[in-house]
Every structure is written in C-alpha cells, then in structure tokens.
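# Per-entry structural report
Below are the chains, spelled out letter by letter.
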Amino acid sequence: MSQDPAKTIHTLLEEKRSFPPPPEFTAQANASDPGIYDLAERDFEAWWAGWAEKLDWDRKWDRVLEWDPPRAKWFLGGRLNASVQCLDRHVAAGRGDRVAFHFEGEPGDTRTLTYADMLAGVCRVANGLKALGIGKGDRVTLYMPMVPELAMTVLACARIGAIFSVVFAGFSAVSLRDRIQDQGARLVVTADGCWRRGKVLDLKAVVDEALRGCDTVEKVLVWRRGEGVTTAGPGGPKDVEWSELVDPQPAECPPESMDAEDVLFILYTSGTTGKPKGIYHTHGGYLTGTYATSNLVFDLKPDRDVFWCTADIGWITGHSYIVFGPMANGVTQVMYEGAPNHPAPDRFWELVEKYRVSVFYTAPTAIRAFMKWGDEHPARHDLSSLRLLGTVGEPINPEAWVWYHERIGGGRCPIVDTWWQTETGMIMITPLPGITATVPGSATRPFPGVQARLFDDRGREVEGAGGGYLVLTRPWPAMLRGIWGDEARYEATYWSRFDGAYFPGDGAKRDAEGNYWILGRVDDVMNVSGHRLSTMEIESALVDHHAVAEAAVIGVHHELKGQAPVGFVILRSGFEPTPELNEEIRNHVAELIGGLARPEKVIFTPELPKTRSGKIMRRLLRDVAEGKALGDTTTLADPGVLAGLKAEYETKEG
Ligand code: WTA
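We now turn to the structure provided with this report. (Residues numbered from 1 in each chain as written. Predicted model: local features only at pLDDT ≥ 70, side-chain atom pairs only at ≥ 80, totals over all residues. Heavy atoms only, no water.)

Scanning the protein from terminus to terminus reveals 21 helices and 30 strands. Relative to the compact-globule value of 26 Å for 654 residues, the protein shows a C-alpha radius of gyration of 24 Å, a close match. C-alpha atoms of the protein, sized along the principal axes, occupy 75 × 60 × 55 Å. For the protein, long-range pairs separated by at least 24 residues make up 71% of all intrachain contacts whose partners lie at least 6 apart in sequence. Each charge class in the protein can be summarised by its mean position, and for the 71 positive and 89 negative side chains these summaries are 2 Å apart. (Helix = DSSP H or I, 4+ residues; strand = E, 2+ residues; numbered from the N terminus. Rg over C-alpha atoms; globule rule 2.2 N^0.38 Å. Contact = heavy atoms within 4.5 Å. Lys, Arg positive; Asp, Glu negative; His and termini not counted. Charge placed at Lys NZ, Arg CZ, Asp CG, Glu CD.)

In structure tokens:
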C-alpha cells in the first residue's frame, strides 16, 4: 500500500504521473488483453454484436447496423425487453436470492431487496400501471426520491413498453411542468416526500403545482416514504395511493416484446438554447452499450462485487449505471437516499464499510468536497473492501484524482475517469482498469469499438498530439436516436458543426501517448457540480423577473462545484440595486429551474459589453469575473462599459 498520510497530495502528484494497472488487478480483470482494442477495431459491428449476444432476445436481429448518417439503427428486427435482462434472466438462472439493492434511507432505515424481490415489485407496479390504462408507447413522468421504488417504476415502464422520463427531484415545478408537457405524459409517479439533510422535501406539492396546465396527465400515483414524512400526500381527484393500487397486484406480469429500436426512455438535458432537449434512447442498443461498459469498465463480478454509483437516477449516470448496466450484469448494489454529509461528513465511508462496497463511482465535485471536509473522515473507516474507483461528470483535477487514489483507494485501486454524456448513453472514453496505465486528469482512451477524433475549427483532423474539438466519427449502439418532438434540432445540434461527425460540445487535447484530456464545454453550456446547465436557460429565468431588463450569464471557476453561474443584470428603470432585490432575483432562478441553477452571484450593471451588432461578449464577462487581463476589446461597441463592470465586480468580491 502506498498510503502515506505524511506525504502531501502535492508531493505524490510530483512523484508519479502515470499509474500502470496493478498486476493483481489485471490477473482477475474482465479485460486484461490489450488486443481487445484491435479486435473491436477490426470489425466494430461484430464486436457489438458479440455483446448483444450475451443478452436474452425474443427474436434475434437480422442486421447489426443500418447507418444512414446521422441516423443509426442497431440490431434491426431484433426483439427483447429491457426489464427481462435486468431481472427475469437472473431469477431464471437461480440467482433470485442475490441482493439487488442494499437500500439505506437518510434517517438510517434500511431495506434489502433481492433480484426476486425486485422482479416481484416490478411486476406489481407494471400491473398497477396497466390497471390505470397505461400501455406501450404511453409516456410516464417520474418525480421520485432515490428509493428502490424509483428503479422498480423505471423497470415496470420498460416491462410494459411505456416510455418513462425521470425528472430529477431537485427540479422546480416549472421545469417539471415543461417536461411533462413536452412529452405529453399520461401519468406522473411521485412520492409524498423524501429526506434531504434531515429535512422532508414535499415532492407531491411540487407535482401539484406543476400539474396546473398539464391537460394530458390523467393520474398521479403516489408512493409513501413512511415514518416521519407527514406531508399532505395523495388526496386530489387524480391521485392514486400506491399501497392501494400496486401492493395488491399479482407478482407476475408478462413482458412486452419490444423492437430493438422502440423508445425506452426520454431524458431532458440542457442545451445551448433556453429549452431543454428530450434525449431519447431505445431498448436494444442502449442495453447492449450499458451492459458491455458496466462489465468492462467497472470489471463487475456479480457473485462478489458490491457496486455503488452515488448518482441520482434522475440523471443519465443513474439510468445507465444504477438501473440498466449493473442490473443487466446482475450485480449487488448500494442505494442511498440522502446527502453525503448527513448526519456527518463520513456518511459515505460508513456505508462503504458497512456494505463492503468494492466498486465505487462518484463525481469530482463530491471528491473535492470530501477533500475539503478532511482526511480524518475516510481514515476513520475500513475501506479495504474497495478494489476499483470511478469518476464521471466533469474533468477531475489531478490533485483530487491523487487524493481519491490515496485516501479512498488506499493507493491500490485503479481509477476509471469516464467521459460520456446523456446523449451517448454509455461511457465512451475511459481506462479499462486491467489494461490502461492511468494518468491523473485524463480519461485516457476511447472504449473498444468507439472512434474519437480531434478536429480544428475548420473540420480538419488534428493528428497525433494536439488540441481541438472532440468528435465521434462512428455510430455506437447506445447513441441517442433523436430529440423528442424536435427532429430537426437533433441534426442541427450534433451533426451540423462537422460533416458526418457527432459533436458533443467538448474541447479536448491528446498527448503523445494518445491519452485524451477533456477540457470542458466549448458552447454555452456550463458544468455545475457535474450537472449541465444552459446559460440561455438561466438568462431566460433572470429576465423573467419583473425587475430585470437584460441579463447575461457565464460559468466561472468554482473550487468545489467546478463551475458556478454568475449573472450580470441590467435593472429596469425604477428599481434600486439593493441586496434584497439581488437575493430575490437569485431565488427566482432557483424557483424557475431548481436550486442547482441559483446564480452564485448577481452583479447589477448599467450596461453589458456588446459587439456593434448587439451580441453580448460573454468571454469578456468571464475575464472580468476571473480577474484576468482583458482580452481583445476592439470589437466592443463601448469599451468604457468594461471598466465600470470590473469596478462593480471587485467591490462585490470585497
Ligand atoms: C462533461 C454525464 C470531463 C462533459 C455522464 C460532457 C466530463 C458533459 C466527463 C455531459 C469526464 C462528463 N471528464 N468531462 N470524465 N464526464 N463530462 O449529459 O462536458 O450530464 O459533455 O452526462 O459532462 O454531461 P451529462
């Protein structure tokens, strides 16, 4: 073990720049032969077909891939059901007694659910949904806490072919309403409440508010969190009690046989405009991609691993690496409802010790928070069960990487830094822990079968070491199939910047060893604590406030969150720039979008830097906010604006 508390992370970072896979890890790894990359490269369709063959199909596909850029179809003619892969086939193979979830509520209540329990639960929910008239192709919106019933409802929808859409329970009523309306949901599933930092959040009240103006919604199914949650709960004319509808249902429900290309779910993510995009994924390809990556990247050994992905199922990470990928592999998982520092900053490490977690997957923003809270918290717990660590969501700074490696992984666990997106559905650039020499801060190489390239701004390929726009130049099974209700936007957003290549919106560099370093978004999207937020969306929320005439938003560097939104606001005449109004405007954004979008700061300004054609120069605002020397200002209509802004910003700092 190389753990040496006396050494600072900084000296460790200086000492070692590359971490070859530990030989004892390689010896037992699901992927240990570097030849796997060439194998996948020689015939990528055969490579993916090989993974698809490990799933149970009702009918085998006729063709692996139809690629009519930018539209791909995978496993054409094949039929299967995603819930069967995650449940029935494990139970049928005699593994029904294996624990699917060790659930831990924030107050400390626990539940253990086996794969057989999950299958029975999923069937009951599926029968309940059918009793409400929900069937194939209907949309169901889920606004639920991190509890096993959320995973069950997701899989129940998959089982009957209903299209589910999970909305993260931190989103506001307005955001929830927009999503319900966009997808035309017939049913909303929610809970009377959940626990967060010792408080009860009333999810049902948010749903009630969101439903004003949602004509398509016929029913609201309400699950009760139980003890201590005393919110109003169900009671309205559309409300249905979970315990009355679901609990009495039979524990069997025949799965709908789905076409590989039928839609499995819609998940909204922020883009460069004010309107979130409903990304949709399909049954066959998505399942194949998440199954394969879970198996190789997390090296899952279903008979002995305990996997813990700390994401919420409301984000793509929870869809792919709590529900579908790990469950299709049949592994045991930990699911935790609440905050990482409740009741104390060692809650996560207490859970790792208690459940003997062996593979742990979290976000850099969380790692930076743990670093700040102090080494004593993990040090107090036995973390020797851990054998592999992962990160996702944003670039990880090398200091945080090394801290994670030493203080959590005891110097012995490989770290997989996984780059991917809501749209890619599955991990795309990542180490394979038994093969890849990892480098702190780099996501290393494309997953076998995935083809990434760097382009310059004229679409010419950058060869060898260098920097540019990251692009994906070959279809992959879990790729998004489109944007719900807006097919033109699919092409315009992802496929128009470069001819024939998918543009994810990230910049990257590649070193001489061929490792990719993701540099972050190059569009008007920021990454706050690993969550995507659109500058336009926050700007729209700011100008929605009656006192705001004009607004510009930028993402500034933030020690813990990675980036944080800062708003520059011009007030309407008659409004005074008071601290109270400032607070009110920031809260308005949280009310419209959700707490995660609340600007870190709002700066009142009489003017914004604009080009002569009236375009706001956000780059200059960023320079002001980050205290950098001002870049080229020659295109500004009124260069004097910046001096005023700088002075205003600096007084706010002080
Ligand atoms: C960023 C989350 C650097 C990136 C799975 C991407 C990352 C966006 C990494 C997608 C990583 C994700 N290193 N940046 N390992 N992983 N990102 O859709 O900017 O919520 O485009 O999916 O997060 O965010 P999304």
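Quick look at the pairing of strand β16 (residues 306-309) now. The alternating pattern of β16 places Val-306 and Trp-308 on one face and Phe-307 and Cys-309 on the opposite face, and all of these are buried. Where β16 and strand β17 (residues 332-336) come together, two bridges link them in parallel fashion. Bridge pairing links Phe-307 to Gln-333 in β17. On the question of chirality, the crossover connecting β16 to the parallel β17 by way of helix α12 (residues 316-329) is right-handed. Here β16 pairs with strand β18 (residues 359-362) via three bridges, running parallel. Of the residues in β18, the one forming a bridge with Cys-309 is Tyr-361. (Buried < 20%, exposed > 50% of the residue type's maximum accessible area, 1.4 Å probe, protein only. Pairing = 2+ DSSP bridges. Right-handed = clockwise from strand over helix to strand, strands pointing away.)

This part covers the site of the ligand. Residues in close proximity to the ligand total 17 residues, the closest being Asp-417, Thr-418, Thr-422, Asp-506 and Arg-532. Here a nitrogen atom of the ligand sits 3.4 Å away from a polar atom, N or O, in the main chain of Pro-395. Between an oxygen atom of the ligand and a side-chain N or O atom of Arg-532, the distance comes to 2.8 Å. Protein coverage of the free-state accessible area of the ligand, which is 520 Å², stands at 96%. Residues of the shell around the ligand, tallied by class, amount to six nonpolar, six polar and five charged. (Near = heavy atom within 4 Å. Polar contact = N/O pair within 3.5 Å; in protein donor to acceptor, adjacent residues only side chain to side chain. Areas by Shrake-Rupley, 256 points an atom, 1.4 Å probe, with all protein chains shown as cover. Nonpolar A, V, L, I, M, F, W, Y, C, P; charged D, E, K, R; others polar.)

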